[in-house]
Amino acid sequence: MAKVRFVLACLAAVAFAVNASAKELQPIGNPVKVMPEKAMQVQFNADGTVTPLSDWYYFNGNNGGGTGTAASSLNLFDSFQNDGNDCITGAAPDGGTDCGLPGGGYRWFFGVSYCNMFTVGSFSATSTTAGDRLEAGWYWYCSGSGTEECFVAVFTGTPFDDTCNAAYTLGAGVVLGFGPLTCNGGGYFYTDVCLCDFGLALDMFTDTYASIGGVLAQAFDGQNLTLATCGQFMLWGADGGNGGTDLAGSHGDISYDDDNPVDGTHTPIDECYSTAFGICPDPIHFMVGVGTCGGPACDAVVTKVKPKKGPPCTVVVVKGTDATFGDTFDVTLSTGATKSATANDRGKWKAKFTGQNIANGGSVTASACGSSKTGTCS
C-alpha cells in the first residue's frame, strides 16, 4: 500500500505533454453532495507521513459558519465555483454553462478509470486570512464496484516549484473522513465543510505561487494515508481563461500528478504536467475552494474581568470566549485603554492591561464586540 510522500531532485526539464492513452480529458456532470463524518487538523511531514495537530472532530450535520465575501462565497482561493450558498446550506458546483458545458455542475476529468490520488498544484490566495471553509470535488472509482472507505486530505504550504523538480512544500492541512462511498457511481462527489465549527483552518498565502495538495485515501491510521484503489480530483479553474468566470485567487498551469506510476510519490519530469489545454477555463486546476465562514464580524464574549496588583489595582486581566479560531478584535476598558486580542484554537482569548489605577472597591468595565463585563478591585 502506497504511502503519500514527496521527493526532491535536481532535474530541470518540463514535461508538458499529456499521454492521451492514459488521460482522456472529458466533461462529466451529476455532482453528488457528501458530508464528512469527522475532521482532523494535521501536519504534512517531509517523509510523507502526517502528524495530528488535533483530535478527531465529529460532525452532526453542518452546524456552523456563514457566507463568504466573494460572489462564489469562496473568497480566498476558488477553483471549485459554487452556486453562492453558504456552507451551512451547502453550495453545489455551478458555472459549467459559462464554458458551454451541458449544465452548471459539469466539470472536467480524465475518464472513469484514471487514477491520480495525490496531486499538488499552485495557488495564490486573495489574503493571508486562514481559510475555515473548504469545498472539493472528486471522482471515486475506487475498486470499480461496491464501496470503499474514503478520506480526503487537503494541505497548503509555500513555496511551489514550477520547474518540475517536485521541490514544493506542503505544511498543515485537514483530513476529512467520509466513511464508505459508492465506487464508480456515474457522477462525482463534492463536499462543503464549515471547518470553523471546530476551529480548524487552512493556511493561506499570497505568494506567486504557494502549494496546495490533495490526497484521496482509503485508510488513515493517524500517521499514514493509504491511497485509494483508484480516484481523481475533478478539474476546474480560478482564472477565467477562454470564457470562464474569474474566481478568487489565482494559480499557474503546472500540476504534479501521481500517475506514472501510482506510488505515492511525485517523480520529477515524469509526473509534472501543464494544465493549459486551451479549454474553458484555462488553465485548469484540481477542484478545491477555500474561503471564510463569515457570519458576525466579531462574536467574542467577555467572561471575566479581574483587577489585580492592589489596591489600587494597576493590572486588569480580561478573559473571554470566541466561536472562531483566529478572530482578532479590540478589548476596551472603561478607563479608555484598548488592547488587541486573538481567539486561540480552543475558542478562548485574554487581554492584559498594565498601568491602571483602580481604587480599592472601584470597578472597571471591559467591552469587546458588544459584550461587556465589570470587575471590582479588592
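An account of the accompanying structure is given in this report.

Calculation rules
- Residues numbered from 1 in each chain as written.
- Predicted model: local features only at pLDDT ≥ 70, side-chain atom pairs only at ≥ 80, totals over all residues.
- Heavy atoms only, no water.
- Helix = DSSP H or I, 4+ residues; strand = E, 2+ residues; numbered from the N terminus.
- Buried < 20%, exposed > 50% of the residue type's maximum accessible area, 1.4 Å probe, protein only.
- Contact = heavy atoms within 4.5 Å.
- Areas by Shrake-Rupley, 256 points an atom, 1.4 Å probe, with all protein chains shown as cover.
- Phe/Tyr/Trp six-rings, centres within 6.5 Å; stacked < 30°, edge-to-face > 60°.
- Patch = residues over 30% accessible without salt bridge, like charges linked within 9 Å, V, L, I, M, F, W, Y side chains within 5 Å.
- Salt bridge = Lys/Arg side-chain N within 4 Å of Asp/Glu carboxyl O.
- Lys, Arg positive; Asp, Glu negative; His and termini not counted.
- Charge placed at Lys NZ, Arg CZ, Asp CG, Glu CD.
- Disulfide = S-S within 2.5 Å.

Details of the overall build of the protein chain
Consideration 1: Per the secondary structure count, the protein chain includes zero helices and 27 strands.
Consideration 2: Looking at the protein chain as a whole, 56% of its 378 residues qualify as buried.
Consideration 3: Relative to all contacts within the protein chain whose residues are 6 or more apart in sequence, the contacts with residues 24 or more apart total 73%.
Consideration 4: With an accessible surface of roughly 14,500 Å², the protein chain has 48% of that area assigned to carbon and sulfur atoms.

Some thoughts on the packing of aromatic side chains
Consideration 1: Scanning the entire structure with this criterion turns up 17 aromatic pairs.
Consideration 2: Judged by centre distance (6.4 Å) and plane angle (65°), the ring pair of F151 and F220 falls under edge-to-face. Remark: F220 occurs in strand β13 (residues 210-220) and F151 occurs in strand β10 (residues 147-157); sequence separation between them is 69 residues.
Consideration 3: Residue classification places F151 among the buried residues on the basis of a relative accessible area of 6%.
Consideration 4: The exposure class assigned to F220 is buried, which follows from its relative accessible area of 12%.

Re a positive patch on the surface
Consideration 1: A cluster of basic side chains, namely K304, K306, K308, K309, K319, R346, K348, K350 and K352, defines a positive patch on the protein surface.
Consideration 2: When residues of the positive patch are traced back to their parent elements, those giving at least two are β21 (301-308) and β25 (348-353).
Consideration 3: Mapped onto the secondary structure, K309 falls in the loop between β21 and β22 (315-321).
Consideration 4: K309 sits in the exposed class, given a relative accessible area of 62%.

Let's talk about the state of the cysteines
Consideration 1: The final tally for this structure, using the stated rule, is seven disulfides.
Consideration 2: Each disulfide pairs two cysteine sulfurs, and for C87 the partner residue is C194, the sulfurs being separated by 2.3 Å. Classification of the bridge connecting C87 and C194 rests on its S-S torsion, roughly 120°, and on that basis the disulfide is right-handed. Highlighted residues: C87 in the loop between β6 (77-78) and β7 (107-109) and C194 in strand β12 (residues 188-194), separated in sequence by 107 residues. The two residues C87 and C194 agree in class, both being buried.
Consideration 3: In this model C142 forms its disulfide with C183; the gap between the sulfur atoms is 1.8 Å.

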